[in-house]
Every structure is written in structure tokens, then in C-alpha cells.
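Examining the three-dimensional arrangement
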Amino acid sequence: AQKVTQAQTEISVVEKEDVTLDCVYETRDTTYYLFWYKQPPSGELVFLIRRNSFDEQNEISGRYSWNFQKSTSSFNFTITASQVVDSAVYFCARGASNAGGTSYGKLTFGQGTILTVHP
Amino acid sequence: DTGVSQDPRHKITKRGQNVTFRCDPISEHNRLYWYRQTLGQGPEFLTYFQNEAQLEKSRLLSDRFSAERPKGSFSTLEIQRTEQGDSAMYLCASSPRTGISSYEQYFGPGTRLTVT
């Protein structure tokens with residue numbers, strides 16, 4: 001199975017600290033997509049970001065940024081100036097696609113990182 | 001915008017009973033997915049539909065599990081002869097079929113199943 005590994009089980013920070021969540025993935029696919037989802041205590045998975053395998057440019061979106069390195073199969077996610085509302089479980093996921101760019105469908109998720117932001 | 005809805009939100013059943021869950025996807029989405037999430041784990045893929053066609057099933061989907069999407073709109077997931085190991089959160093997601101957004105799956109609130 002092509003796994004997604006989130007080595008950090010739990011992270012605890014104080015509000016306004018920056019925090020980086022690590023993700024390492026396995027894949028045999030030429031084209032694939034990577035995602036970060038957030039699962040707050042209410043339980044509903046919320047889509048945060050998507051990155052495709054052929055674009056390694058790192059981006060910033062508000063307080064979120066991500067670092068995609070194909071050479072090390074890593075897709076790390078950073079929250080800048082964390083807030084208490086960021087407390088949640090964060091999941092990294094991988095999806096595959098065919099050469100025509102249509103997704104195969106299923107996402108493979110990591111085990112999640114529990115982030116607690118203290119006031 | 002109406003998101004993905006799931007019903008019921010919680011279900012408690014006795015071992016050996018059958019249960020059925022419903023998922024209503026976002027209206028313009030023609031792909032629908034089912035995942036299972038146990039405590040402390042990430043969601044695990046069960047199956048997905050494109051319109052009414054079931055395109056992939058996981059090995060996790062034993063013979064006791066069946067999913068349908070008869071008219072390409074809502075979907076049902078049935079578990080027959082429930083076992084305690086079936087206790088989990090069952091998540092439904094939907095996405096458009098084509099375009100870059102087809103990769104973005106939007107999840108419902110889930111149905112939490114407890115088998116006693």
C-alpha cells in the first residue's frame with residue numbers, strides 16, 4: 001500500500017507561535033495530488049489546500065503555507081501565528097490521477113496530527 | 001451553498017442488526033465517496049461512485065457491506081449483521097467529475113455508528 005505518514009501524533013503550542021506539520025508520502029504514480037484537511041472537534045473534515053505533483057512552487061495563503069518537496073516525498077504545512085481556533089486534527093492525504101488529469105477517486109490519508117493551541 | 005449531508009448523525013445498534021446510512025452530496029457533484037474513520041486514525045476509503053456506477057471498492061468493504069446510488073444522486077451504505085468492529089464514523093464526500101476541482105473532496109458531518 002502506498003502510505004501517507006504523519007510522524008507527529010500531537011503538537012502543543014502557545015497562541016501566536018508558528019507550527020509546522022510534517023507529511024511524508026509514498027507513491028508510484030506519475031501524477032498525483034496532495035491535500036491537507038482539518039478536522040475540528042465538531043468532526044467534519046474541512047478541505048484546506050491542494051497541491052499537484054507537477055508544481056513544486058510553494059505558496060502562502062493567509063496564515064497557511066506549504067512546502068512540497070518531491071525529492072524527499074514531503075508535503076509539510078505551516079500555520080503562522082497560530083490561534084486557539086486552529087486546534088484540531090490535521091490530516092495529510094494523497095490522491096492519484098490518470099494521464100488525462102482525471103482523478104482516480106480515492107484519497108489515502110495519514111493518521112493525523114492533533115494540534116492544540118493554548119491561549 | 002448546501003454541503004454534503006448525512007443521516008443519521010448517530011446510530012446505536014445491537015450486534016447482529018442491519019443498519020443503513022444515507023448521504024446526499026452537493027447537488028452539482030456527480031462523484032460520491034464513502035470512508036470509514038476509527039478513533040485516532042485517518043479516514044479509510046471504502047468505495048466511490050461516478051453517477052450511479054460504483055467504480056471502486058476497497059478490500060475493507062466486506063460482503064456484509066453494500067453501497068448503492070440508484071439515481072446518481074443520494075447514496076446509501078448498508079451494513080448487515082453488524083459486529084462490534086464496525087463501530088466507527090462513516091464519512092461521505094462528494095466532488096465534481098471533471099476539472100481541477102475533481103480532486104477536492106468535500107466531506108459531510110459523518111454518521112457515528114456504535115455497535116453494542
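Scroll up to find the structure this text is about.
Quantities reported herein were computed from a predicted structural model and do not represent experimental measurements.

Glancing now at the packing of aromatic side chains. Overall, the coordinates contain 20 aromatic pairs over all chains when judged by the stated rule. Seen from their ring centres, Tyr-37 of chain A and Phe-109 of chain A are 5.7 Å apart, and the 55° between their planes marks the pair as tilted. In this pair, Tyr-37 of chain A sits in strand 5 (residues 32-39) while Phe-109 of chain A sits in strand 11 (residues 103-109), placing the two residues 72 residues apart along the sequence. Assigned by exposure class, Tyr-37 of chain A and Phe-109 of chain A land together as buried. The ring of Phe-74 of chain B has Arg-22 of chain B sitting right over it, with the charged end atom 3.9 Å from the ring centre.

With that settled, consider unusual backbone geometry. Cis geometry is found at the peptide bond from Asp-7 of chain B to Pro-8 of chain B, where omega equals -5°. For Pro-8 of chain B, the position within the fold is in the loop between strand 1 (5-7) and strand 2 (10-13). Here Lys-16 of chain A, not a glycine, exhibits a phi torsion of approximately 85°, which is positive. Within the secondary structure layout, Lys-16 of chain A lies in the loop between strand 2 (10-14) and strand 3 (19-21). Given the relative accessible area of 69%, Lys-16 of chain A is considered exposed. Phi angles above zero are rare outside glycine, and Asn-51 of chain B is one such case at about 55°. Inspection of the secondary structure puts Asn-51 of chain B in the loop between strand 5 (44-50) and strand 6 (53-57). On the basis of relative accessibility, which here comes to 32%, the residue Asn-51 of chain B falls in the partly exposed class.

Further remarks concern the side chain of Arg-36 of chain B. Residues and elements named next belong to chain B. Position of Arg-36 relative to the elements: it lies in strand 4 (residues 31-37). Within the buried set, Arg-36 has no salt-bridge partner at all; the shortest N-O distance to an opposite charge, 4.5 Å, is to Glu-44. With residues up to four places along the chain from it excluded, the contact list for Arg-36 reads Gly-42, Pro-43, Glu-44, Leu-46, Leu-60, Phe-65, Ala-88, Met-89 and Tyr-90.

What follows covers the layout of surface pockets. Roughly 490 Å³ of volume is contained in the second largest pocket. Lining the second largest pocket are 25 residues, and of these Gln-39 and Val-89 of chain A together with Gln-37, Leu-39 and Gly-40 of chain B lie nearest its centre. Counting residues per element, the lining of the second largest pocket draws most heavily on strand 10 (residues 88-97) of chain A, at three residues.

To continue, consider the interface of chain A and chain B. Quoted interface sizes are often the accessible area lost when the parts come together. Across the boundary between the two partners, chain A contributes 21 residues, which contact 22 residues of chain B. Buried surface at the junction of chain A and chain B, both sides included, amounts to about 1,900 Å², of which 51% is carbon and sulfur. Counting across the interface, chain A meets chain B through two salt bridges. Lys-106 of chain A is the partner of Glu-56 of chain B in a salt bridge, and the nearest nitrogen-oxygen pair spans 3.8 Å. If you list the elements that add at least two residues to the side of chain A that touches chain B, you get strand 5, strand 6 (46-52), strand 10 and strand 11 of chain A. In terms of residue count, the dominant contributor to the side of chain A that touches chain B is strand 11 of chain A (six residues). Taken together, the residues of the side of chain A that touches chain B break down into 10 nonpolar, eight polar and three charged.

Residues and elements named next belong to chain B. Relative to the assigned elements, Arg-15 resides in the loop between strand 2 and strand 3 (19-24). With a relative accessible area of 59%, Arg-15 lands in the exposed category. For the pair Arg-15 and Ser-95, spaced 80 residues apart in sequence, the C-alpha separation works out to 33 Å. Excluding anything up to four places from it in sequence, Arg-15 contacts Thr-82, Glu-83, Val-115 and Thr-116.

What follows is about the sheet that holds strand 7 (residues 65-68) of chain B. Residue and element names in this part refer to chain B. Judged by pairing direction, the sheet is antiparallel, and its four strands sit side by side in the order 1-3-8-7 without closing on themselves. This sheet does not close on itself; its edge strands, each paired only once, are strand 1 and strand 7. Strand after strand, the sheet turns through a mean of 15° between neighbouring axes, direction not considered. Direction of pairing for strand 1 relative to strand 3: antiparallel, over a ladder of three bridges. From the neighbouring strand, Ser-5 faces strand 3, where its bridge partner is Asp-24.

About the criteria used
Residues numbered from 1 in each chain as written. Chains lettered and ligands numbered in written order. Predicted model: local features only at pLDDT ≥ 70, side-chain atom pairs only at ≥ 80, totals over all residues. Heavy atoms only, no water. Phe/Tyr/Trp six-rings, centres within 6.5 Å; stacked < 30°, edge-to-face > 60°. Helix = DSSP H or I, 4+ residues; strand = E, 2+ residues; numbered from the N terminus. Buried < 20%, exposed > 50% of the residue type's maximum accessible area, 1.4 Å probe, protein only. Lys NZ or Arg CZ within 6 Å of the ring centre and 35° of its normal. Lys, Arg positive; Asp, Glu negative; His and termini not counted. Salt bridge = Lys/Arg side-chain N within 4 Å of Asp/Glu carboxyl O. Contact = heavy atoms within 4.5 Å. 1 Å grid on protein atoms, 1.4 Å probe; cavity = no way out; pocket = protein on both sides within 12 Å on 5 of 7 lines; lining within 4 Å. Points joined across faces, edges and corners; volume = space filled by probe spheres on them. Buried area = accessible area lost by both parts, 1.4 Å probe. Nonpolar A, V, L, I, M, F, W, Y, C, P; charged D, E, K, R; others polar. Pairing = 2+ DSSP bridges. Axes fitted to C-alpha atoms, helices over the stretch in contact; angles between N-to-C directions.

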